[in-house]
Amino acid sequence: MSVTRLTDNIYASEQQVADFNFDQRVADVFPDMIQRSVPGYQTILHTLGLLTERYAQANSNLYDLGCSLGAATLMMRRHNKQPGCQIVSVDNSKAMLERAEQHIHSYRGDTPVDLRCQNLQDTEISNASMVVLNFTLQFIEPEQRLDVLSQIAAGMNQGGMLLLSEKIQHADPVMNDVLIDLHHEFKRANGYSELEISQKRTALENVMKTETVDTNLQRLQQAGFSHASVWYQSYNFCSIVALK
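Every value quoted in this text rests on a predicted model; they were computed, and no experiment measured them. Starting from 1, residues in each chain are numbered consecutively following that chain's sequence as written. A pLDDT threshold of at least 70 governs which residues receive local features in this predicted model, and a stricter bar of 80 or more applies before side-chain atom pairs are shown or counted, although totals over entire chains, interfaces and linings include all residues. The basis for the side-chain values is all heavy atoms of the structure; hydrogens and waters are excluded.

K.L.:
Before we move on, could you go through the pattern of salt bridges and cite the residues and values that matter?
P.N.:
What counts as a salt bridge is simple: a side-chain nitrogen of Lys or Arg found within 4 Å of a carboxyl oxygen of Asp or Glu. Inspection of the entire model under this criterion finds eight salt bridges. In this structure, the salt-bridge partner of Arg188 is Glu185, at a minimum N-O distance of 3.0 Å. Pair noted here: Arg188 and Glu185 are both in helix α6 (residues 173–189), with a separation of three residues, about one helical turn. Classification of Arg188 by relative accessible area gives partly exposed; the value is 30%. Helix numbering and strand numbering both begin at the N terminus, where a helix is a DSSP run of H or I of at least 4 residues and a strand a DSSP run of E of at least 2. When a residue's accessible area, from a 1.4 Å probe over protein chains only, is under 20% of the maximum for its type it is buried; when over 50% it is exposed; and in between it is partly exposed.

Structure, rendered in structure tokens:
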């Protein structure tokens, strides 16, 4: 059974804007929302496939933390060539996870997937050769982020890989405004109206706490990763590879 792609028009009409929530409305339109809102999303997924071929270890666990509808899970399963692996896909939104289950079961794959509805902070990481945090850590309170990354590093095998993708802010306020403006132009080009852009930004203000690239890299080092580098950036979105 395929998953129908619906158009994101959640913020198309003027409304009293509540904090953004990964509820049923968002789950229904999420594929359209992320394609039209996150520059370079397909590039990140494609590269995750290449990283899976390189870093997945036999008889290990691959984690997709904040799996949403399972796009990263499917990419890892498609490209995993190692025997004895399991993918653990975690999300605390029941609506997103139910949709993910439909999506994942629509595609065949040899690597089993364990879907878990829980907070990623409560997920035990063990025997991990790969962990994906694809635009997930930004929704965790900043004071909890080091603990999350430290828990991941502690449960990761030597030579394991973390893919961390985040919306970022620039340390220079002028350049930060430039990146925000470019991102808004990207959304306009993808059909979002000024009202939609404004209301979505308001909805995210209290739930998405962005940080600089340097802050993310320093925290990864503190958490116990030996190497980390930005491999991709488009406007104010970036992706980092960190190695244990």
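K.L.:
Residue-level account of the sheet that holds strand β1 (residues 61–65), with values.
P.N.:
At least two DSSP bridges between two strands are required for those strands to pair. Spatial ordering of the open sheet is given by β3-β2-β1-β4-β5-β7-β6, a layout of seven strands whose pairing is mixed. Two strands lie at the open edges of the sheet, namely β3 (113–117) and β6 (227–234), each paired on one side alone. For this sheet, the mean angle separating the axes of adjacent strands, direction not counted, is 15°. Pairing analysis gives seven bridges linking strand β5 (residues 156–167) to strand β7 (residues 237–243), with the strands arranged antiparallel. Opposite Leu162, over in β7, you have Ala242 as the bridge partner. Only heavy atoms matter for contacts: two residues are in contact if any of them lie within 4.5 Å across the pair. Axis angles are defined between N-to-C directions and span 0 to 180 degrees, where every axis is a line fitted to C-alpha atoms and, for a helix, only to the segment in contact. Running at roughly 165° to β3, helix α4 (residues 94–105) makes contact with β2 (86–91) and β3 of the sheet. The strands that helix α8 (residues 213–223) touches are β5, β6 and β7; relative to β7, the one it contacts most, it runs at about 15°.

K.L.:
Go over the nonpolar core with me, naming the residues and quoting the values.
P.N.:
We call a set of buried residues a nonpolar core when its members are Ala, Val, Leu, Ile, Met, Phe, Trp, Tyr or Cys and they connect through side-chain atoms within 4.5 Å of each other. Grouped together as the largest cluster of nonpolar side chains are 37 residues, with contacts concentrated most on Met33, Leu48, Met130 and Leu163. Listed by contribution, the elements that provide at least two residues to this core are α1 (24–37), α2 (41–55), α3 (71–79), α4, β4 (128–134), β5, α7 (194–204) and β7. Here Met130 is in contact with Leu48, Leu51, Thr52, Tyr55, Ala56, Asn61, Leu62, Tyr63, Met76 and Met161, once residues within four sequence places are set aside. Val90, Ala153, Met156 and Ala242 belong to the second-largest nonpolar core, a separate cluster that totals 26 residues.

K.L.:
Can you explain the UniProt feature "binding site: S-adenosyl-L-methionine" (unreviewed entry) in the chain? Please cite residues and give values.
P.N.:
UniProt positions are given in the numbering used here, feature names are shortened, and annotations may be inferred rather than shown by experiment. Feature annotation in UniProt places "binding site: S-adenosyl-L-methionine" (unreviewed entry) on Tyr41, Gly66, Cys67, Ser68, Asp91, Asn92, Asn134 and Arg201, given in this structure's numbering. Spatial dispersion of the annotated residues is evident: they stretch over 161 residues in sequence, and the largest pairwise C-alpha distance comes to 22.6 Å. Along the polypeptide, Cys67 turns up in the loop between β1 and α3. Apart from the residues lying within four places of it in its own chain, the contact partners of Cys67 are Thr73, Ser89, Val90, Asp91 and Leu97. Inspection of the secondary structure assignment puts Asn92 in the loop between β2 and α4. Assessed through its relative accessible area of 51%, Asn92 is described here as exposed. Setting aside residues up to four positions removed in sequence, Asn92 forms contacts with Cys117, Gln118 and Asn119.

K.L.:
An account of the UniProt feature "domain: Methyltransferase type" (unreviewed entry) in the chain is needed here, citing residue identities and associated values.
P.N.:
With numbering matched to this structure, UniProt assigns "domain: Methyltransferase type" (unreviewed entry) to residues 64–162. The span residues 64–162 is 34% helix and 27% strand, and its two end C-alpha atoms sit 10 Å from each other.

K.L.:
How would you sum up the side chain of Ser37? Please name residues and give values.
P.N.:
Within the secondary structure, Ser37 is located in helix α1. Within polar-contact distance, the side chain of Ser37 engages the backbone oxygen of Met33 at 2.7 Å. Contact partners of Ser37, with chain neighbours within four places excluded, come to His183, Phe186, Lys187, Tyr192, Lys200 and Phe237. Throughout this description, a polar contact denotes any pair of N or O atoms lying within 3.5 Å of each other; where both atoms belong to protein, one of them has to be capable of donating a hydrogen while the other can accept it, and for residues adjacent in sequence the pair is counted only when both atoms sit in side chains.

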